[in-house]
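Descriptive analysis of the structure
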Amino acid sequence: MSTKRFSVKKTMMRYNIKVSLVTGTFVLIAVLIVVVAIFFLYEQTLQNYRERLVEIVQNEARMIEALFRLNQKYMQENFESATLNELTQLQKDWKGFGETGEFLLAKLDSDEMIFFLKLRHFVSPHPLKIPFRGTNHSEPMRQALSGTSGTLIGKDYRGESVLAAYQPIPNFSLGLVAKVDISEIRAPFIKIGIWFTIGALVLTCLGFLLIRLLHKHLLLQLESNQARLNSILETAADGIITINSQGIIESINHMAEKMFGYSRKEVIGKNVNLLMPTPDHEKHDQYLQNYLKTRERKIIGIGREVTGKRKDGSVFPLDLAVGEVKLPQEIFFSGICRNITDRKFQENERKKLIEELEAKNNELERFTYTISHDLKSPLITIKGFLGFLEKDALSGHIDRIKRDSEHIHNAVDKMQHLLEDLLRLSQIGRVVSEKREIPLNALLQEVLLLLSGSIVEKKIQVQVASDLPIVFGERSRLIEVFQNLIENAIKFMGTQENPRILITASVENAYVRCSVQDNGVGIDSRHYQKIFGLFERLDSKTPGTGIGLALVKRIIEVHGGRIWVESEGIGKGTIFYFTLPQKSV
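Now for a look at the structure at hand. (Residues numbered from 1 in each chain as written. Predicted model: local features only at pLDDT ≥ 70, side-chain atom pairs only at ≥ 80, totals over all residues. Heavy atoms only, no water.)

**Re the packing of helix 13 (residues 475–491) against helix 14 (residues 548–558)**
Spelled out, the test is: Simply put, an axis is a line fit to the C-alpha atoms, just over the touching stretch for a helix, and the angle between two N-to-C directions goes from 0 to 180 degrees. Strands are runs of DSSP state E lasting at least two residues, helices are runs of H or I lasting at least four, and both sets are numbered from the N terminus onward. Note on convention: the crossing is left-handed when the near helix lies turned anticlockwise from the far helix by less than a right angle, right-handed when the turn is clockwise. The criterion used for residue contact is that any of the two residues' heavy atoms lie within 4.5 Å. Residues are sorted three ways: Asp, Glu, Lys and Arg are charged, Ala, Val, Leu, Ile, Met, Phe, Trp, Tyr, Cys and Pro are nonpolar, and all the rest, Gly among them, are polar.
It is at 9 Å that the axes of helix 13 and helix 14 come closest, and there the two elements cross at 145°. Here helix 13 and helix 14 pass one another in a crossing that is left-handed. Residue-level inspection shows Arg477, Glu480, Val481, Asn484, Leu485 and Asn488 of helix 13 in contact with helix 14, the latter providing Gly548, Leu549, Leu551, Val552, Ile555 and Ile556. In terms of residue class, the contact of helix 13 with helix 14 is built from seven nonpolar, three polar and two charged.

Spelled out as structure tokens, the structure:
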């Protein structure tokens, strides 16, 4: 029973809304028709006034000019004054036409317009004088005295808006104007408009008041239901947005406002693609139209992960579930949005951690293999020469004993260097000293002083660019970077007759790009990545543990930079590039 009653109420409410809309539409149409009719009547009346004023001013101009010519012919002298006096006498008892209409006759004297005839709205024993320039008063007369004829709506000598026809009398340097106040022309139309507006307002108010009184209960019920629905929507933990079949936003709840950074006023009435980044922003309308034509579901009723765009232009991931609401006259779509930034961040962090663990595991496997291989080599050497040492001691070969001891000593030194390098590599990123701003020129002076012996011995010319920028990092670690790279250049200089090392740096955005360039033996491009591996040595005859470049790469990455190598090929030198931050990152 209650369901049936509710259905009847809804039907009545829809019917009453339709009645209100139809009534309001008819009233609006009637108002528009009357307004348009009044407007056209007013325009036609205005045109009729123009034509009448033009005819009047032309006839009057011909009459005045004829009078001037007649007096000129028979009077010779002072004919102008006599003619003006005659015109004044003729007009003395004439009150003008209509309530405000009148003729104006004036002459330009110096920079003033002097009015001769009796003025209907200006009483003075002296002629009226108005400046020709610097004021917008008496614009019709100004046009006539400028030698032009026509009609206009402008200010007269009082400053009142008038419709005027103006005509010059060029042979006598006079101007003639016939005018009537705009207010006189508009008065009947304003009265009609006022009375019609009052009547329309009264009828409209009575109609809407009747509808309101008849259906107040239904409106209260609707408001109560709407309040309950709004309470649910506003307290929902997810963003809720409704759009119509054209993609225009109809409503948005508080959580959606917070999620996208827009207020209701900013988005209601706008296309929902406002909340979408490229390419969905451009394609959403087509998606919607395709669904309405084909009913093929791609997201409606299914839901999926999409990307949203905030007011500030930033994007974020969200889960979107879209439902369809069919009404008799319209189709609406409701979207429930959930910000999954935290979830995606946790997923990415978990994925990143797994990748890092896999990389560490692979690195540990390579490290274990390399350690077992490279540390085993000096141990085998030590064991072998201990056997030789025992035999030589029993046989009394002192020279061989000394040689065996040197080999054992060298193997121990090699193992010690390997262990020290490994210890230094393991400490990078774990043992951190204070980071600060470091001038590169001062840092390189210290490094070159440490390596001065090798540089002088091989007669290498080292060039350091002047005015190098400042970098941000651990001073001791950056000394290791430049020391290893310069030592590497010295070791692989080859038999170059004029060995050179060039060190430069330049600022690129928030980073400094450094380079260490030599003209040594060069490197094949297939070894670009290999040389940064642990214990990787392209030339086994060259002294070293094979950890130096791995150590450099690790230090650069801990500082937030990257390192790479370039070479034109064997015998054409090598350039190591790496980036360092200018400030804390």
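**Notes on the sheet that holds strand 16 (residues 511–518)**
Selection rule: A pair of strands is labelled paired if DSSP reports no fewer than 2 bridges between them.
An order of 13-15-16-18-17 is seen for the five strands of this open sheet, with the pairing classed as mixed. Looking at which strands have only one partner, the edges of the open sheet turn out to be strand 13 (461–464) and strand 17 (563–566). When the angles between neighbouring strand axes are averaged without regard to direction, this sheet yields 15°. Across eight bridges, the pairing between strand 15 (residues 500–508) and strand 16 is antiparallel. From the neighbouring strand, glutamate 508 faces strand 16, where its bridge partner is tyrosine 511. Of the strands in this sheet, strand 15, strand 16 and strand 18 (574–581) touch helix 13, which is tilted by about 175° from strand 18. Taken strand by strand, helix 14 contacts strand 17 and strand 18, and its axis lies near 30° from that of strand 18.

**Examining the pairing of strand 5 (residues 161–169)**
To keep it simple, the criterion reads: Burial classes follow relative accessibility: with a 1.4 Å probe on protein chains only, a residue under 20% of its type's maximum area counts as buried, one over 50% as exposed, and anything between as partly exposed.
Counting buried positions along strand 5 gives eight out of nine residues, so the element sits mostly inside the fold. Note that strand 4 (residues 150–155) and strand 5 share six bridges and pair antiparallel. Within the sheet, the bridge partner assigned to leucine 152 lies in strand 5 and is alanine 164. Linking two consecutive strands that pair antiparallel, namely strand 4 and strand 5, is a turn of five residues; a positive phi of about 90° is found at glycine 159 within it. Counted between consecutive antiparallel strands, the loop separating strand 5 from strand 6 (residues 174–181) contains four residues, among which serine 173 sits at a positive phi close to 55°.

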